[in-house]
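Results of the structural survey
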Amino acid sequence: MPLNAGYGSVAGPGLSSTVGGSESAQLLIPEDEPEPIQQWQPLSKEELKLAAGGPGWKKVRCYLVLLFWLAWLAMLAIAIAIITMSPRPVVTQLKWWQKSLFYQVEPELTLEKQAEGSWGINALCDELPYLKSLGIGALILQGLFDKKAYPTNNATGERIGTLPQIQHLLAESNKAGLKVLLNVCDVDLLGLGDEAGNASKTSGVSGTVHHALRFWLEQGAAGFEICDTDAAYSEKTLLEWKGVFKEFGSEEEERIVVVKQTSDVLPPLKNSSHSNVTVVDVVLKSILPTSQHLLSSEEVAAAIETQLQTKEDDFWPSWTVGGKASRDLKNLLMVLMMTLPGSPAVSYDEDINQTPNEEKNRRLAVALFTSLSHSRAREEALQFGSFTFLPFNSSSSSSSSNSTLPSPPSPPILAFLRSWGCVHFLILLNVGPGLRPLDPAWAPSLPKAGVFVSSTRMDRLGATSLEALELRPHEAIVIKLFEAGSYS
């Protein structure tokens, strides 16, 4: 019997109304069959244009790219115009003696090595590569000639060494890339002329002296140092010397005269008729006055301030310490001498010499000397940049407001600026024995940030702010200034 018989059922959708088909009728309505997955195909060129907004958008993009490049070219042209029209510092072409660091030495002062059995000149020959590595460019040899010299068979009167030793020193110095100048202050040049080459007396005074000059120039001497009290310090004599120098020198190997200034003011040339005739190349000046006693901090500060405020001469200066100061101020004076305009002239110093003394002091002195010499060699501002004395004075800040007794005056902070273009070096000197804070309000135009270049204790590193800077006793600092946020 059929399952739906007698139930009066009505065939619904999807169900067979026939008896024969009732058993195969579907009880549920089936779901629609899924559509087959179509394979991806790239858009055609026309479809891409349509998706990108049509041909009009393409033109807009082209206009934007063109506008970008036009704007970039305009900015480039403006930058070039600004650089071209802006005032630029004129690069000064320095001669070798203006770039050199002079080292004044008496070969007989190498006492320790002489005690071992070698002459001072031979000991100095051994140290030439070391001196060159420190940044020294020229030697001023002192004490080679007897100041009471008379015609003898020996060029030095057997005071230090023999003529072959001096000739060997000149040859080895030139091989090491060091110029050599001979100090002839107060030396009888007539006697020296006969000693050097047995010149004939019949040649006259001028001919005898010129023969002596030629002899040493032929040996490789780069020039001579005289004093402003010598008879040779006259326009006529130095012009004659210059004529002899031209026979041996060239623009790169120019032979020079260094005049040692013995008084506070360089006297005018003897018998000078033309004030504009320049026959002196370098003037060796002392920072401190000659004194038989150690100068106090106040005396040193006053001497330094006087030199900083003195108007520059027409001559190229070469600075040496000169007077006597305490060992505490030794490194401060070194920083000052190496950063002043001109060529430093360092005197023989056991601290920078290879002779071992107190190892800690020697290492500090060598590190400071090398830092200063290398900075000067690579920085135009320290070589030929402008010089500006800064009126820093923090004496009032060193005294306590709660103190009932007035404290003795302390030397002010001395400062100056060396500038070339947009590069500025600030040199700060605390000559006094106390801790001194720096108030940058005294120089509001200076940038407030900088980076340490060198310091007397060689322990100042990295960036610094002038607003929080304190100078320790007898400390000197060299800072390269920059605008805040512009240094990397």
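Whatever comes next refers back to the structure up there.
Below you will find a few notes about this structure. As the structure is a computational prediction, the values presented were derived from the model and not from experiment.

**Regarding unusual backbone geometry**
In this structure, Asp186 takes a positive phi of about 60° despite not being glycine. Structurally, the position occupied by Asp186 is in the loop between β3 (179–183) and α7 (189–197). Phi is positive for Met458, which is not a glycine, with a value near 55°. For Met458, a relative accessible area of 31% corresponds to the partly exposed category.

**Side note on the sheet that holds strand β4 (residues 223–227)**
Judged by pairing direction, the barrel is parallel, and its eight strands sit side by side in the order β1-β2-β3-β4-β5-β6-β7-β8 before closing back on the first. Each neighbouring strand pair of the sheet contributes to a mean axis angle of 25°, computed without reference to strand direction. Strand direction decides the pairing type here: β4 and strand β5 (residues 256–260), joined by five bridges, are parallel. For Glu225, the partnering residue across the bridge sits in β5 and is Val258.

**Points about the side chain of Ser343**
Among the structural elements, Ser343 can be located in strand β8 (residues 343–347). Of the polar contacts made by the side chain of Ser343, one reaches the side chain of Trp316; its length is 2.8 Å. When near neighbours in sequence (up to four residues on either side) are disregarded, Ser343 contacts Trp97, Gln98, Ser100, Phe102, Trp316, Pro317, Ser318, Trp319 and Arg376.

**Details of the state of the cysteines**
Under the counting rule described, the total for this entry stands at one disulfide. A sulfur-sulfur separation of 2.4 Å characterises the disulfide bridge that pairs Cys185 with Cys227. Since a negative S-S torsion denotes a left-handed disulfide, the Cys185-Cys227 link at about 105° is right-handed. Residue Cys185 is located in the loop between β3 and α7, and its partner Cys227 is located in strand β4; the two are separated by 42 residues in the primary sequence. Side by side, Cys185 and Cys227 carry an identical accessibility label, which is buried.

**Examining the pairing of strand β10 (residues 413–420)**
Within β10, seven of the eight residues are buried, which leaves it mostly tucked inside the rest of the structure. Direction of pairing for strand β9 (residues 386–390) relative to β10: antiparallel, over a ladder of five bridges. Residue pairing across strands places Ser386 opposite Ser419, the latter belonging to β10. In this structure, β10 lies alongside strand β11 (residues 423–430), joined through eight bridges in antiparallel fashion. Directly across from Leu414, in β11, lies its bridge partner Leu429.

**Concerning the sheet that holds β11**
Think of a sheet as strands paired side by side through backbone hydrogen bonds, with each pair either parallel or antiparallel. Ordered by their spatial adjacency, six strands build an open sheet running β9-β10-β11-β16-β13-β14, and the pairing between neighbours is antiparallel. Two strands bound the open sheet, and with one partner strand each, they are β9 and β14 (463–465). Neighbour-to-neighbour, the strand axes of the sheet open up by a mean angle of 35°, direction not taken into account. Both strand β13 (residues 449–455) and strand β16 (residues 475–482) contribute to a ladder of six bridges, which runs antiparallel.

Rules used in this analysis
Residue numbers here run from 1 along each chain, matching the order of that chain's written sequence. Owing to the predicted nature of the model, reporting of local features is limited to residues with pLDDT of at least 70; listing and counting of side-chain atom pairs is limited to 80 or more, with chain, interface and lining totals taken over all residues. Side-chain metrics in this entry use all non-hydrogen atoms of the structure; hydrogen atoms and water are not considered. Each helix is a run of DSSP H or I of at least 4 residues and each strand a run of E of at least 2, with the numbering of both proceeding from the N terminus. Buried, partly exposed and exposed residues are distinguished by accessible area as a fraction of the type maximum, computed with a 1.4 Å probe on protein chains only: under 20%, between the cut-offs, and over 50%, respectively. One requirement defines pairing of two strands: DSSP has to find at least two bridges between them. As a rule, the C-alpha atoms of each element are fitted with a line to give its axis, helices using only the stretch in contact, and angles between N-to-C directions run from 0 to 180 degrees. Any N or O atom pair separated by 3.5 Å or less is treated as a polar contact, with the protein-specific requirement of one donor-capable and one acceptor-capable atom, and with residues adjacent in sequence counted only for side-chain atom pairs. Contact criterion: two residues are considered in contact whenever any of their non-hydrogen atoms come within 4.5 Å of each other. By disulfide we mean two sulfur atoms from cysteines, separated by a distance within 2.5 Å.

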